[in-house]
Amino acid sequence: MSATVVKQKPKTGLNIRKIRADFPILNRKIHGKPLIYLDNAATSQKPNQVIDSIVDYYKNYNANVHRGVHTLSEEATEAYEASRKKVADFINAGDSRQVVFVKNATEAINLVAYSWGRTNIKKGDEILLTDMEHHSNLVPWQRLVNELGAKLKFIPIDERGQLQMSKDKLQKLVTSKTKLVAFTHVSNVLGTINPVKRIVSDIRNLNPDAKILIDGSQAVPHMTVSIQSINPDFYVFTGHKMLGPTGVGVLYAKKELLEKMDPFLSGGEMILEVEKEKSSWNYIPWKFEAGTPNIAGVIGLGAAIDYLSGIGMKNVREHEKELTIYALEELARVNNLVTYGPEDAERRGGVVSFNIVNEKGKVAIHPHDLASILDSEGVATRSGHHCAQPLMKVLDIPAAARISFYIYNTKEEIDILITAIEKAKKIFRL
Ligand SMILES: Cc1ncc(COP(=O)(O)O)c(C=O)c1O
């Protein structure tokens, strides 16, 4: 049983006490106080079921995959490929050959930029991004357009952090030169849930040839995602934010694109035939999985998916929505505190960024100072630019504090956070 009390039963009926008991780290004390982990958008904690699945692999069937005919290798291959099927089912991707295992979301986007981008983007072409992208979905495209003489364009956000995407606005941005539109499903700063299905269909109406990449890093861990219903060309996410281990991420791509794309990395595993002077490529998805993969990581991700599926993604979303509504209400009671992102919890995930400001609206406690004071109360939050420096500029702030929720968080933890924020304000005489 973890240290923090769970008094208020969540409306979703989730058994938070039972869930918390699966996460050994929640028993930790930080500076003598129970850990309150509100940095889930950076990485989530891991339940025993995930940790045990990794230990079980190393203890009982550690072997390389796809290479041996011995029992251990067959068991490892079976578990590795079973995880691929779990991922495909979890995101309703259809054919599991469209699921490529990579290191993280960043690598997945780089893979697309190298393998698809360098063949399909030409001088004068345009890539459309948004003002709310994580650096992972910006820097690889900057490098690509700078190398090829192409151009980046950006969909702006409104004052509540929602994309300005009316049909006529989008019409001006999506042109015949647009080769790719890449945008996040959920903002890691604003919490905004973008209406991805609508955006995809609007883009396809304006330019059916433009490819669409969605960064699902903050969506897949927190809500039901159906690739077949959204219909993107590429969709990426990262395992460590969804109870899985670090070092494993996913690229979903349409089969016909993967078939045409050149490999990203080359060497073992990704080949069919190798001669001295030339080679032919393996079938998809293995064509994109050069070298020994993160077998334990992939197996751990499979266990994380089992765990989340056991709870049900609808329940995960409802629980986080309940916490977000509560947090927004409680934060609104704190004087001089401003939050960013949509007011309506229906339009946002479990991420709330905020600042303590002075009467001129300028940041009065630097988020790093605030995070240090909160840490001294056992509360882990994030502070800084959140890998979204262009968005900080749009919001006209140097940085922000951020809290982000997951299945094990409670309203009691939000109460402790609020007390800790008040304490920080007292220290700064605000
Ligand atoms: C929206 C978004 N995209 C991409 C990433 C990058 O994830 P990773 O560092 O696992 O590649 C993050 C991580 O913070 C994120 O929040």
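The rules behind the values
- Residues numbered from 1 in each chain as written.
- Predicted model: local features only at pLDDT ≥ 70, side-chain atom pairs only at ≥ 80, totals over all residues.
- Core = buried A, V, L, I, M, F, W, Y, C linked by C-beta atoms within 7 Å.
- Buried ≥ 20, exposed ≤ 12 C-beta atoms within 10 Å, placed from the backbone.
- Helix = DSSP H or I, 4+ residues; strand = E, 2+ residues; numbered from the N terminus.
- Domains from an automatic or database assignment.
- Pairing = 2+ DSSP bridges.
- Axes fitted to C-alpha atoms, helices over the stretch in contact; angles between N-to-C directions.
- Near = placed C-beta within 6 Å.
- Nonpolar A, V, L, I, M, F, W, Y, C, P; charged D, E, K, R; others polar.
- Parallel < 35°, antiparallel > 145°, perpendicular 65-115°, else oblique.
- Left-handed = near helix turned anticlockwise from the far one by under 90°.
- Contact = placed C-beta atoms within 7 Å.
- Arc of directions from axis to C-beta.

(A) How the structure looks around the nonpolar core. If you look at the biggest cluster of nonpolar residues, it comprises 126 residues, and the most contacted ones within it are Val250, Leu251, Tyr252 and Leu417. In terms of residue count, helix H10 (residues 295-311) provides more of this core than any other element does, 10 residues in total. A domain-level breakdown of this core finds at least three residues from each of domain 1 (16-45 + 312-427) and domain 2 (52-309).

(B) Region of the structure containing the sheet that holds strand E5 (residues 126-130). Ordered in space as E4-E10-E9-E8-E7-E5-E6, the seven strands form an open sheet in which the pairing is mixed. The sheet terminates laterally at strand E4 (99-102) and strand E6 (151-155), the two strands that pair on one side only. The average angle at which neighbouring strand axes cross in this sheet is 20°, direction not considered. Note: strand E8 (residues 211-215) against strand E9 (residues 234-238), three bridges, orientation parallel. Residue pairing in the sheet places Leu213 in a bridge with Phe234 of E9.

(C) Structural context of the site of the ligand. Lining the immediate surroundings of the ligand are 15 residues, of which Asn104, Thr106, Asn188, Ser217 and Thr238 lie closest. Tallied by class, the residues present in the shell around the ligand amount to three nonpolar, 11 polar and one charged.

(D) Inspection of the packing of helix H11 (residues 313-332) against helix H14 (residues 411-427) at higher detail. Contact geometry of H11 with H14 gives a least axis separation of 10 Å together with a crossing angle of 25°. With respect to each other, H11 and H14 are oriented roughly parallel. Classified by chirality, the crossing of H14 by H11 is right-handed. The segment H11 lies against H14, with Leu323, Tyr326, Ala327 and Glu330 engaging Lys411, Ile414 and Ile418.

(E) Local environment of the sheet that holds strand E14 (residues 351-356). Taken in spatial order, the four strands make up an open sheet running E13-E14-E17-E16, and their pairing is antiparallel. The open sheet is flanked by strand E13 (337-339) and strand E16 (382-384), the only strands paired with a single partner. When strand polarity is set aside, the average angle formed by the axes of neighbouring strands in this sheet is 30°. Across three bridges, the pairing between E13 and E14 is antiparallel. Across the sheet, the residue bridging to Val338 is Asn355, located in E14. Here helix H12 (residues 367-376) sits on the sheet and contacts E14, E16 and strand E17 (400-404); the angle it forms with E16, its principal contact strand, is near 160°.

(F) View of the domain arrangement of the protein. You can read the domains of the protein as domain 1 (16-45 + 312-427) and domain 2 (52-309). Each of domain 1 and domain 2 has a C-alpha centre, and these two points are 28 Å apart. With 27 residues of domain 1 at the interface, the matching set in domain 2 holds 25 residues. Elements that contribute at least two residues to the side of domain 1 that touches domain 2 include exactly H11, E14, helix H13 (389-395) and E17. For the side of domain 1 that touches domain 2, the leading source of residues is H11, giving five residues.

(G) Inspection of the pairing of strand E10 (residues 249-253) at higher detail. A large share of E10 lies buried, amounting to five of its five residues. Both faces of E10 are covered, namely the face carrying Gly249, Leu251 and Ala253 and the face carrying Val250 and Tyr252. Here E4 runs beside E10; their pairing, made up of four bridges, is antiparallel. Within E10, the residue paired with Val102 across the bridge is Gly249. Pairing analysis gives five bridges linking E9 to E10, with the strands arranged antiparallel.

(H) Quick look at helix H5 (residues 139-148). Along H5, the positions that sit buried rather than exposed are Pro140, Trp141 and Leu144. Projected onto a plane normal to the axis of H5, the buried residues spread over an arc of 95° and lie on a single side. Its buried side turned inward, H5 meets helix H4 (105-120), E5, E6 and strand E7 (178-184). With its phi angle positive at about 75°, Gly149 sits one or two positions after the end of H5.

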